[in-house]
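Given next are the chains, with one letter for each unit.
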Amino acid sequence: MVSFFTKKFFNFFKFFKKAQKISLGLYGPPNAGKTTLANLILKDILGEDAPEFSTSNIEHETRNVQKVEKLELKKNGKIINFNLIDTPGIATKIDLEDFVKDGMKKKEAKERAMEATQGVIESIKWIDTVDAVLIVLDSTLNPYNQVNITLIANLVNKNKKIIVVANKTDLKKSNTDKIKLVFPDYKIVGISAKTGDGIEGLYDTIFKEFY
C-alpha cells in the first residue's frame, strides 16, 4: 500500500518534472530579424516591463551578445524556464564600404565594421553556452549560402537542438518552401517577428522540440 506521504512526494515530483530549463540562442545572418524576434518574445512574456533591444535596417546593428535571464514560457501545463541569448549576425565578409553606402562617414563605418567583426567572433564563442537554437533566416532571400550551411553544420556538430525560423512572412517575396527544400531535416516555422503572425506556432514548436 502506498502511504499518503509517498503519494504527496510523487505528485510533487511529477509537477517538478513539468518544468524544463534551457539556454536559448537566436542565431543567423545579419538583418534576418533575430533582435526583432527577441523583442517580441520578451514583450509576450514580460509585457510593458520588457527591455527593448535596438534594431535597424543597417546590417550589424547588434554587435554584442544580449542576454535576458530567468524567463518563463508556459503552454498546456508545461513550463520552460530559459535564458534568451540574442547574438550578432554571422557573416563571412564585413566591408566598411557597405556601411558608407548606407550613409555612414568613413570613420564611423570603420568602427562599425570592427565592432561587427568582433560581434561575429563573440557569437561563435557563445555557441558552446546554449542548449537550443532558433536559427532565424530572412524568408525573402535564398537560404542556400555559406553562412547558413556552415552555421547549421557547426551546431549539429556540437549536438545543439535546432528550429529554423523562416522570418518576414509578411513580405510578398517570402518563400518558406525554399527554406524547407534546403533544410529538409529540420523543423521550419514561418513567422513575422514584425507583426507577430505565427509566433504561437513557434512557441508550440519550441515545446515539441526543446521540452
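Rules used throughout
Residues numbered from 1 in each chain as written. Predicted model: local features only at pLDDT ≥ 70, side-chain atom pairs only at ≥ 80, totals over all residues. Heavy atoms only, no water. Helix = DSSP H or I, 4+ residues; strand = E, 2+ residues; numbered from the N terminus. Buried < 20%, exposed > 50% of the residue type's maximum accessible area, 1.4 Å probe, protein only. Contact = heavy atoms within 4.5 Å. Areas by Shrake-Rupley, 256 points an atom, 1.4 Å probe, with all protein chains shown as cover. Salt bridge = Lys/Arg side-chain N within 4 Å of Asp/Glu carboxyl O. Pairing = 2+ DSSP bridges. Right-handed = clockwise from strand over helix to strand, strands pointing away. Axes fitted to C-alpha atoms, helices over the stretch in contact; angles between N-to-C directions. Parallel < 35°, antiparallel > 145°, perpendicular 65-115°, else oblique. Nonpolar A, V, L, I, M, F, W, Y, C, P; charged D, E, K, R; others polar. pLDDT = per-residue confidence, 0-100. Core = buried A, V, L, I, M, F, W, Y, C linked by side-chain atoms within 4.5 Å.

1. What to know about the overall build of the chain
Helix and strand content of the chain: 7 helices and 6 strands. Ordered by position from N to C terminus, the α and β elements of the chain give α-β-α-β-β-α-α-β-α-β-α-β-α. By residue count, 41% of the 211 residues in the chain fall in the buried class. Considering only contacts in the chain between residues 6 or more positions apart, those separated by 24 or more positions represent 72%. Counting only carbon and sulfur atoms, one obtains 51% of the accessible surface of the chain, whose full area is about 12500 Å².

2. Here we look at the pattern of salt bridges
Scanning the model with the defined rule gives 6 salt bridges in all. For Asp204, the salt bridge is made with Lys75, and the minimal N-O distance between the two is 3.3 Å. Taken together, the residues span a long stretch of sequence, with Asp204 in helix α7 (residues 199-210) and Lys75 in strand β2 (residues 66-75) at a distance of 129 residues. A single salt-bridge network, built from bridges that share partners, covers Lys75, Glu200 and Asp204.

3. Description of the pairing of strand β6 (residues 187-190)
Pairing between strand β5 (residues 161-167) and β6: 4 bridges, direction parallel. By the bridge assignment, Ala166 is partnered in β6 with Gly190. With helix α6 (residues 176-182) bridging β5 and its parallel neighbour β6, the resulting β-α-β unit is right-handed.

4. What about unusual backbone geometry?
The phi angle at Asn31 is positive, at roughly 65°, despite the residue not being glycine. Tracing the sequence through the fold places Asn31 in the loop between β1 (19-27) and α2 (34-46). The exposure class of Asn31 is partly exposed, given its relative accessible area of 29%.

5. Brief notes about the packing of α2 against α7
Packed helix pairs are specified by the crossing angle of their axes together with the interaxial distance, meaning the distance between the axes. Look at α2 against α7: their axes get within 12 Å of each other, and the N-to-C directions meet at 85°. Of the possible angle classes, the one that applies to α2 and α7 is roughly perpendicular. Contacts between α2 and α7 involve Leu37, Leu40, Ile41 and Asp44 from the former and Ile199, Leu202 and Tyr203 from the latter. Its residues assigned to classes, the contact of α2 with α7 shows 6 nonpolar, no polar and 1 charged.

6. Here's the deal with the confidence of the model for the chain
The predicted model of the chain has a mean per-residue pLDDT of 88, with 90% of residues at 70 or higher. Across residues 12-17, where pLDDT falls below 50, the model places 1 contact with residues more than four positions away in sequence or in other chains.

7. Considerations on the nonpolar core
Counting 31 residues, the largest nonpolar core has Leu37, Phe82, Leu84, Leu134, Leu202 and Ile206 as the members making the most contacts within it. At the level of secondary structure, the elements contributing two or more residues to this core comprise β1, α2, β2, β3 (78-86), β4 (132-138), β5 and α7. With 6 residues, α7 is the largest single contributor of residues to this core. Sequence-distant contacts of Ile206, that is, excluding residues within four places in its chain, are made with Leu73, Ile80, Leu134, Ile163 and Tyr211. Among the nonpolar cores identified, the runner-up in size contains 20 residues, and Val130, Ile152, Leu155 and Ile188 belong to it.

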